[in-house]
There are 2 protein chains.
Amino acid sequence: MGASPVLEDATADPSNPLMLAESSAIADYLIHKYGNGRLALPPQHPRYADYLYWFHFANGNLQPTVFRRFMTRQFGIPTDDARFKGADERVRTAVGWVDRRLRENEWLAGDEFTAADVMTVWCFTTMRVFEPLDLEGYEGILKWLERCTKREGYRRAMARGDPELDIGELVSVKGPKVHEALGV
Amino acid sequence: MGASPVLEDATADPSNPLMLAESSAIADYLIHKYGNGRLALPPQHPRYADYLYWFHFANGNLQPTVFRRFMTRQFGIPTDDARFKGADERVRTAVGWVDRRLRENEWLAGDEFTAADVMTVWCFTTMRVFEPLDLEGYEGILKWLERCTKREGYRRAMARGDPELDIGELVSVKGPKVHEALGV
């Protein structure tokens, strides 16, 4: 399928490593198979539903919504066309929804940093290399991005996976320059 | 956000029921909070990665891929345009991928019916009311649809949620008539 990201796990059988795609599947796999449930909240936790909602919101809603506007742009629909405006409005609604959550909570699931934050941070950082997203006025998201990207885990992952990206640019209000192959 | 589906759970506090959107979140919530893990495979199961992959594939890949072609159509891109062809080709790749899996396995995660099947069946049945999908030649999917839709749980859920839909049409090769408001 030509998917990205992909996890290779050679633990069980080094000669025939398991290959796993789908970012949410990879996150669940690592958390529950090797992380002893770390970065997830357990079913009996009072914020379990919040955790699940925000974990799934990143790929189930936010990414497709931004991708829809990306497609509209790639199709050459002018920004004053009702179709572009509709797609843009949906992005603003989704981003505003995340922002409100993060003005009222330190992390998406509440008081604890979880995989919901991990799944979502990509949409407001690296994803902006593919589709611009101006974060002017979204103070909740901007402060949360600061908290997320200061974490040692984030720094280590980026140093390994995307060493060419400038984290300061990724989290800036205007965001990084969109990849030149995509143009804007 | 105006989301659908939504789960209302008044178990903990009848006067202030919990509302949960995102179909994958709802599935995980019911499975792990009330289902004692039923319809999921546990981390120590040899097909755990398969289960996670196909559970997340439905919303993470298949649905967005079909939606992309839907958008292309709604934008009035002609079917002989390279952009339509590209979107259509991606749908065929994704559907072929599911088909191959189901020619080699009874259910998506392997030998057991799981939530991966539940999440995916919608894309090949009810979703075709929104975007046509011809299943000619996809014998793996067609036989699996028969197995899924014969299950009592499916019949009960459809009788309650979508009583106006004809299951025989939903699983037919040509699929149901696309909702008239969407046209084709």
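Residues numbered from 1 in each chain as written. Chains lettered and ligands numbered in written order. Predicted model: local features only at pLDDT ≥ 70, side-chain atom pairs only at ≥ 80, totals over all residues. Heavy atoms only, no water.

Colleague: How should helix α4 (residues 115-124) of chain A be read in this particular structure?
Modeller: Given 3.6 residues per helical turn, the α-helix brings residues three or four places apart onto the same face. All names here are of chain A. Along α4, eight of the 10 residues are buried, which leaves the element largely enclosed by surrounding structure. Buried within α4 we find A115, A116, D117, M119, T120, V121, C123 and F124. Close packing links the buried residues of α4 with α1 (23-34), α2 (48-74), α3 (82-104), α5 (139-150), α6 (152-161) and α7 (167-170). (Buried < 20%, exposed > 50% of the residue type's maximum accessible area, 1.4 Å probe, protein only. Helix = DSSP H or I, 4+ residues; strand = E, 2+ residues; numbered from the N terminus. Contact = heavy atoms within 4.5 Å.)

Colleague: How should I be thinking about the packing of α2 of chain A against α3 of chain A in this particular structure?
Modeller: Helix-helix packing: each pair is described by the crossing angle between the helix axes and the interaxial distance. All names here are of chain A. Between α2 and α3, the shortest axis-to-axis distance is 9 Å and the interhelical angle comes to 155°. With respect to their mutual orientation, α2 and α3 come out roughly antiparallel. The way α2 lies across α3 gives a crossing that is left-handed. Side by side, α2 and α3 meet where D50, Y53, W54, F57, N61, L62, T65, V66, R68, R69, T72 and R73 of the first sit next to R83, F84, A87, D88, R90, V91, R92, A94, V95, W97, V98 and R101 of the second. (Axes fitted to C-alpha atoms, helices over the stretch in contact; angles between N-to-C directions. Parallel < 35°, antiparallel > 145°, perpendicular 65-115°, else oblique. Left-handed = near helix turned anticlockwise from the far one by under 90°.)

Colleague: Help me understand empty space enclosed by the protein in this model?
Modeller: To find the voids left in a structure, one rolls a probe of water-molecule size over its atoms. All chains considered together, the criterion is met by one cavity of 30 Å³ or more. E22, S24, F55, H56, N59 and G60 of chain A together with S24, H56, N59 and G60 of chain B together form the lining of the largest cavity. For the lining of the largest cavity, the elements supplying multiple residues, two or more each, are α2 of chain A together with α2 (48-74) of chain B. Sorting elements by how many residues they give to the lining of the largest cavity places α2 of chain A first, with four residues. Its residues assigned to classes, the lining of the largest cavity shows one nonpolar, eight polar and one charged. (1 Å grid on protein atoms, 1.4 Å probe; cavity = no way out; pocket = protein on both sides within 12 Å on 5 of 7 lines; lining within 4 Å. Points joined across faces, edges and corners; volume = space filled by probe spheres on them. Nonpolar A, V, L, I, M, F, W, Y, C, P; charged D, E, K, R; others polar.)

Colleague: Looking at this structure, I do not really get the environment of D50 of chain A. What am I missing?
Modeller: Residue and element names in this part refer to chain A. Mapped onto the elements, D50 comes out in helix α2. Sequence separation between D50 and G110 is 60 residues, and the spatial gap between their C-alpha atoms is 7.6 Å. In contact with D50, other than residues within four places in its own chain, are R101 and A109.

Colleague: What exactly am I supposed to notice about the pattern of salt bridges here?
Modeller: Two side chains of opposite charge can pair, provided their charged atoms sit close to one another. All names here are of chain A. Under the criterion given, the structure shown has 20 salt bridges over all chains. For E131, the salt bridge goes to R69, with nearest N and O atoms at 2.9 Å. Note that E131 is positioned in the loop between α4 and α5 and R69 in helix α2, a separation of 62 residues in sequence. Taking relative accessible area as the criterion, E131 reaches 3% and is therefore assigned buried. Shared partners join several salt bridges into a network, and the residues in it are R69, R73, D88 and E131. (Salt bridge = Lys/Arg side-chain N within 4 Å of Asp/Glu carboxyl O.)

Colleague: Looking at this model, I keep getting lost on the relation of the copies chain B and chain A. Mind explaining?
Modeller: For the pair of chain copies, the relating operation is a rotation around an axis with a shift along it. Take chain B, turn it by 180°, move it 0.0 Å along the axis, and it overlays chain A with an RMSD of 0.0 Å. Taken together, the rotation and translation describe the operation of a two-fold axis. (Least-squares fit on C-alpha atoms with pLDDT ≥ 70 in both.)

Colleague: Can you help me understand the interface of chain B and chain A in this one?
Modeller: One frequently used descriptor of interface size is the decrease in accessible area upon assembly of the parts. Taken residue by residue, the interface counts 31 residues in chain B and 31 residues in chain A. Summing the contributions of chain B and of chain A, the shared interface buries around 3000 Å²; its carbon and sulfur component is 73%. For the interface between chain B and chain A, the tally reads zero salt bridges. At the surface where chain B touches chain A, the tally comes to six residue pairs in polar contact (both at pLDDT 80 or more). Counted by class, the side of chain B that touches chain A contains 19 nonpolar, seven polar and five charged residues. (Buried area = accessible area lost by both parts, 1.4 Å probe. Polar contact = N/O pair within 3.5 Å; in protein donor to acceptor, adjacent residues only side chain to side chain.)

Colleague: Just checking my understanding: could you explain the domain arrangement of chain A for this structure?
Modeller: All names here are of chain A. The assigned domain composition of chain A is domain 1 (1-38) and domain 2 (48-182). Relative to domain 2, the C-alpha centre of domain 1 lies at a distance of 24 Å. Counting from both sides, the interface comprises five residues of domain 1 and, opposite them, five residues of domain 2. Contact between domain 1 and domain 2 buries roughly 380 Å² in total, counting both sides, with carbon and sulfur atoms accounting for 57%. When the buried area of domain 1 at its contact with domain 2 is split by residue, S23, S24 and I31 rank highest and sum to 69% of it. Inspection of the domain 1/domain 2 interface yields two residue pairs in polar contact (both at pLDDT 80 or more). Residue composition of the side of domain 1 that touches domain 2, grouped by class: two nonpolar, two polar and one charged. (Domains from an automatic or database assignment.)

Colleague: Even after reading the chapter, I still don't get the packing of helix α4 (residues 115-124) of chain B against helix α5 (residues 139-150) of chain B, so can you show me in this structure?
Modeller: Residue and element names in this part refer to chain B. The geometry of α4 relative to α5 is characterised by a closest axis approach of 11 Å and an angle of 115° between their N-to-C directions. Classified by chirality, the crossing of α5 by α4 is left-handed. Across the interface between the two elements, D117, T120, V121 and F124 of α4 pack against I141, W144, L145 and C148 of α5. Here the contact of α4 with α5 is composed, by residue class, of six nonpolar, one polar and one charged.

Colleague: Explain the packing of aromatic side chains here, please?
Modeller: Aromatic ring pairs: the centre-centre distance and the angle between the two ring planes describe each pair. For the structure on display, the rule yields 23 aromatic pairs over all chains. Taken together, the ring pairs in this structure connect Y53, W54, F57 and W97 of chain A into an aromatic cluster. Over the ring of W107 of chain A we find R151 of chain A, and its NZ or CZ is 5.8 Å from the ring centre. Stacked on the ring of F75 of chain A, the Lys or Arg R83 of chain B has its end atom at 5.4 Å from the ring centre. (Phe/Tyr/Trp six-rings, centres within 6.5 Å; stacked < 30°, edge-to-face > 60°. Lys NZ or Arg CZ within 6 Å of the ring centre and 35° of its normal.)

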